[in-house]
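# Observations on the three-dimensional arrangement
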Amino acid sequence: MFNKRIKIKELLASEEANYEATVMGWVRTFRNNQFIALNDGSTNNNIQIVAELGKFDEALLKRLTTGACIKATGEVIASLGKGQKVELKATEIEILGDSDAEKFPLQPKKHSLEFLREIAHLRFRTNTFSAVFRVRHALAFAIHKFFNDKGFVYLHTPIITASDAEGAGEMFKVTTLPLDGNAPKNDDGSINFAADFFGRSTNLTVSGQLEGELAAMAFSDIYTFGPTFRAENSNTTRHLAEFWMIEPEVAFNDLEDNMNLAEAFIKYVIKHAMEHNKEDLEFLAQRLEEEEKQKPQQDRSELGLIDKLNFVVENDFQRLTYTEAIEILRESNHNKKKKFQYLVDKWGVDLQSEHERYLVEKHFKKPVILTDYPAEIKAFYMRQNDNCEPGRQTVAAMDILAPGIGEIVGGSQREERIDKLLKRMEEMHIPAEELWWYLDTRKFGACPHAGFGLGFERLVQFVTGMGNIRDVIPFPRYPKSAEF
Ligand code: ATP
Ligand code: MN
């Protein structure tokens, strides 16, 4: 058997010494022709391997370069060096894969995140990215655990869809028709999608919600967790063209139940990461602290990463209505001194991210759940609130805003009353015949229900403190970039 290695994380945690072990991994550094720092991705801590002077061939030692992959066997001994309890005194070293030191782009020094993005295929081998992606994994696992333990069914919704109903964002077209102008045409010159693969025009999904609702009308509690796509040309630190979304949908929940679920969910997954990835988060906290030192004082966050996460887990999110938020914003000194790019003057305007950040970071200094938005600025399926002031129709929507990120969750109670739903669809020019299957749920055993969508990468950003969303997904997709 080739592989009877012990993972470096496990080895470093071992209390006793004086046993034989084999480790495999990638050389981070080799110094004094004798000390190898080896990493296998199980932890950011390297195992120190001692290749005693005179015991190994010069030819072999020359191949112990940064990036090389090796297998080392030896005795685990108590370490004299500081920073580690044990080290491995090598008896055998085998090179599994050489790495040309002249050409390997990762040097044992600090590289910028921008540079590392250009070599995303190798950036897993840095401390920052291995910590980020281990935390990403832990969060994904915690998400499944949270819902599984509550009896939710994990539903796989389609990636290719024909509906463009939700209007959540610009879509990527899916087609097998020729792109060279020879696609079959209708009489009016438009492309004849009846001749396309699916016999109709199709896109990559922007959200699994509508299909999720169908399943909630049978299982009561479902969630999705899958990729979604938006061809939005927004070069921001919070938008990707391909991102992962978690969308629970729950029968018999109203807006308040929905808020309670979302808040409990966010706290649970953060707590899980804090318990299981303490070292990684401490490393990332340190990284963030150093990054913050480069910023002017007023742009630095008041809390360090760990304190921020603790604070979020331990405190209630601030809940208020859109109308209350507009009042706060309108009356703020920020608004009066015209410091917002978009001034808040009247009820009904959509909130810009500068407004969201003001509420979260300056005013409340904690996560905020905003509810009851004007119907005009929200999707057709959101439940229309009863007894609204004339001219101020609101819907039972909820957005959760997080410090440093802005919107992390968007959700609502859904309109289950078919007459109201149909009227709204007509007003918004959404063709009812295309959504016949969705409307069927309102005809056959409709019930109050609610759900939300959480952008997974925004959550990972929040927990890891990474400033750019492109650094929390292994291979980011954004305008002009689909390398790897
Ligand atoms: P935003 O206003 O930030 O563009 P949105 O209103 O378009 O968000 P929703 O359609 O409500 O967002 O999507 C649900 C969640 O998906 C958002 O709360 C956010 O966390 C995430 N999200 C939306 N668009 C993107 C994107 N392009 N990249 C990454 N995450 C996204
Ligand atoms: Mn958007």
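Okay, so let's go over this structure. None of these values were measured; they are calculated from a predicted model.

## A short note on helix 12 (residues 418–427)
Residues L421, R424 and M425 constitute the buried set of helix 12. The buried residues of helix 12 all sit within an arc of 100° when viewed along its axis, so they share a single face. Summarising the geometry of helix 12, the exposed residues directed more than 90 degrees from the buried face are D419, K423 and E426. Following helix 12 by one or two positions, H429 has its phi on the positive side, about 55°.

## As for the side chain of T157
When you line up the elements, T157 lands in the loop between strand 6 (153–154) and strand 7 (160–161). Judged by relative accessible area, which is 18%, T157 ranks as buried. Apart from the residues lying within four places of it in its own chain, the contact partners of T157 are G208, E211, G212 and T224.

## Examining the sheet that holds strand 6
An order of 6-10-11-16-15-14-13-12 is seen for the 8 strands of this open sheet, with the pairing classed as mixed. Looking at strand neighbours, the two that pair on one side only are strand 6 and strand 12 (318–321), the edges of this open sheet. One ladder, built from 2 bridges, connects strand 6 with strand 10 (residues 221–229); its direction is parallel. Across the sheet, residue V153 finds its bridge partner in strand 10, namely I222. Against the sheet, helix 9 (residues 322–331) engages strand 12 and strand 13 (368–374), with an angle of about 95° to strand 12.

## Digging into the packing of aromatic side chains
One pass over the full model with this rule turns up 21 aromatic pairs. Geometrically, the ring pair formed by F146 and Y268 is tilted, given 5.3 Å between the ring centres and 55° between the ring planes. Here F146, found in helix 4 (residues 127–149), pairs with Y268, found in helix 6 (residues 255–276); they are 122 residues apart in sequence, far enough to count as distant. On the basis of an interplanar angle of 40° and a centroid distance of 5.9 Å, the ring pair of F475 and F484 is categorised as tilted. Members of the aromatic cluster, connected to one another through ring pairs, are F146, F147, F152, Y154, Y223, F265, Y268 and F452. The aromatic ring of F462 is capped on one face by K308, whose charged end is 4.0 Å from the ring centroid. Stacked on the ring of Y373, the Lys or Arg K378 has its end atom at 4.2 Å from the ring centre.

## Things to note about the pairing of strand 14 (residues 394–402)
Counting buried residues along strand 14, 9 of its 9 residues qualify, which places the element largely inside the surrounding structure. Summarising the sheet, strand 13 and strand 14 pair through 6 bridges and their orientation is antiparallel. Each bridged residue has a counterpart across the sheet, and for P374 the counterpart in strand 14 is T394. Here strand 14 hands over to strand 15 (residues 406–413) after 3 residues, with G404 in that stretch at a positive phi of 85°.

## Considerations on helix 7 (residues 278–293)
If you check helix 7, its first and last C-alpha atoms are 23 Å apart, about what 16 residues at 1.5 Å a residue would give, namely 22 Å. Listed as buried for helix 7 are D280, L281, L284, A285, R287, L288 and E292. Buried residues in helix 7, looked at end-on, bunch into an arc of 165°, giving them a common side. When the buried face of helix 7 is taken as reference, the exposed residues oriented beyond 90 degrees from it are K278 and K293. Those residues of helix 7 hidden inside the fold are in contact with helix 3 (113–118), helix 4, helix 6, helix 8 (305–314) and helix 14 (456–464).

## Points about a negative patch on the surface
Taken together, the side chains of E20, E75, E92 and E94 make up a negatively charged region of the molecular surface. Overall, the relative accessible area of 33% leaves E75 in the partly exposed class.

## Looking at the packing of helix 4 against helix 7
Taken N-terminus to C-terminus, the directions of helix 4 and helix 7 make an angle of 130°; their axes are 9 Å apart at the nearest point. Viewed along their axes, helix 4 and helix 7 adopt a mutual orientation that is oblique. As helix 4 runs across helix 7, the sense of the crossing is left-handed. On the side of helix 4, the interface is formed by N127, T128, A131, V132, R134 and V135, while helix 7 contributes D280, L281, F283, L284 and R287.

## Quick look at the nonpolar core
Within the largest apolar cluster, 63 residues are counted, with the highest numbers of intra-cluster contacts made by F265 and V463. Considering every element that reaches this core, the biggest residue donor is helix 4, with 11 residues. Setting aside its immediate chain neighbours within four residues, V463 contacts V135, L139, I270, A273, L281, L305 and L309.

## Here's the deal with the packing of helix 5 (residues 209–219) against helix 13 (residues 436–443)
One way to put it is that helix 5 packs onto helix 13 with a least axis distance of 10 Å and a crossing angle of 30°. Between helix 5 and helix 13, the angle is such that the two are roughly parallel. By crossing handedness, the relation of helix 5 to helix 13 is classed as left-handed. Counted together, L210, E211, E213, L214 and M217 of helix 5 and W437, Y438, T441 and R442 of helix 13 form the full contact between these two elements.

## So, the sheet that holds strand 1 (residues 19–31)
What the 5 strands build is a closed barrel, ordered 1-2-3-5-4; its pairing is mixed. This sheet shows a mean twist of 55° between the axes of neighbouring strands, independent of strand direction. Pairing geometry for strand 1 and strand 2 (residues 35–39), over 5 bridges, is antiparallel. The partner of F30 across the bridge, within strand 2, is I36.

## Describing the pattern of salt bridges
Applying the stated criterion across every chain yields a total of 29 salt bridges. One salt bridge connects K365 with E302, and the closest N-O pair in it is separated by 3.1 Å. Of the two residues, K365 sits in the loop between helix 11 (353–364) and strand 13 while E302 sits in the loop between helix 7 and helix 8, which places them 63 residues apart along the sequence. According to the relative accessible area criterion, K365 is partly exposed, its value standing at 42%.

Parameters at a glance
- Residues numbered from 1 in each chain as written.
- Chains lettered and ligands numbered in written order.
- Predicted model: local features only at pLDDT ≥ 70, side-chain atom pairs only at ≥ 80, totals over all residues.
- Heavy atoms only, no water.
- Buried < 20%, exposed > 50% of the residue type's maximum accessible area, 1.4 Å probe, protein only.
- Helix = DSSP H or I, 4+ residues; strand = E, 2+ residues; numbered from the N terminus.
- Arc of directions from axis to C-beta.
- Contact = heavy atoms within 4.5 Å.
- Pairing = 2+ DSSP bridges.
- Axes fitted to C-alpha atoms, helices over the stretch in contact; angles between N-to-C directions.
- Phe/Tyr/Trp six-rings, centres within 6.5 Å; stacked < 30°, edge-to-face > 60°.
- Lys NZ or Arg CZ within 6 Å of the ring centre and 35° of its normal.
- Expected span 1.5 Å × (residues − 1).
- Patch = residues over 30% accessible without salt bridge, like charges linked within 9 Å, V, L, I, M, F, W, Y side chains within 5 Å.
- Areas by Shrake-Rupley, 256 points an atom, 1.4 Å probe, with all protein chains shown as cover.
- Salt bridge = Lys/Arg side-chain N within 4 Å of Asp/Glu carboxyl O.
- Lys, Arg positive; Asp, Glu negative; His and termini not counted.
- Charge placed at Lys NZ, Arg CZ, Asp CG, Glu CD.
- Parallel < 35°, antiparallel > 145°, perpendicular 65-115°, else oblique.
- Left-handed = near helix turned anticlockwise from the far one by under 90°.
- Core = buried A, V, L, I, M, F, W, Y, C linked by side-chain atoms within 4.5 Å.

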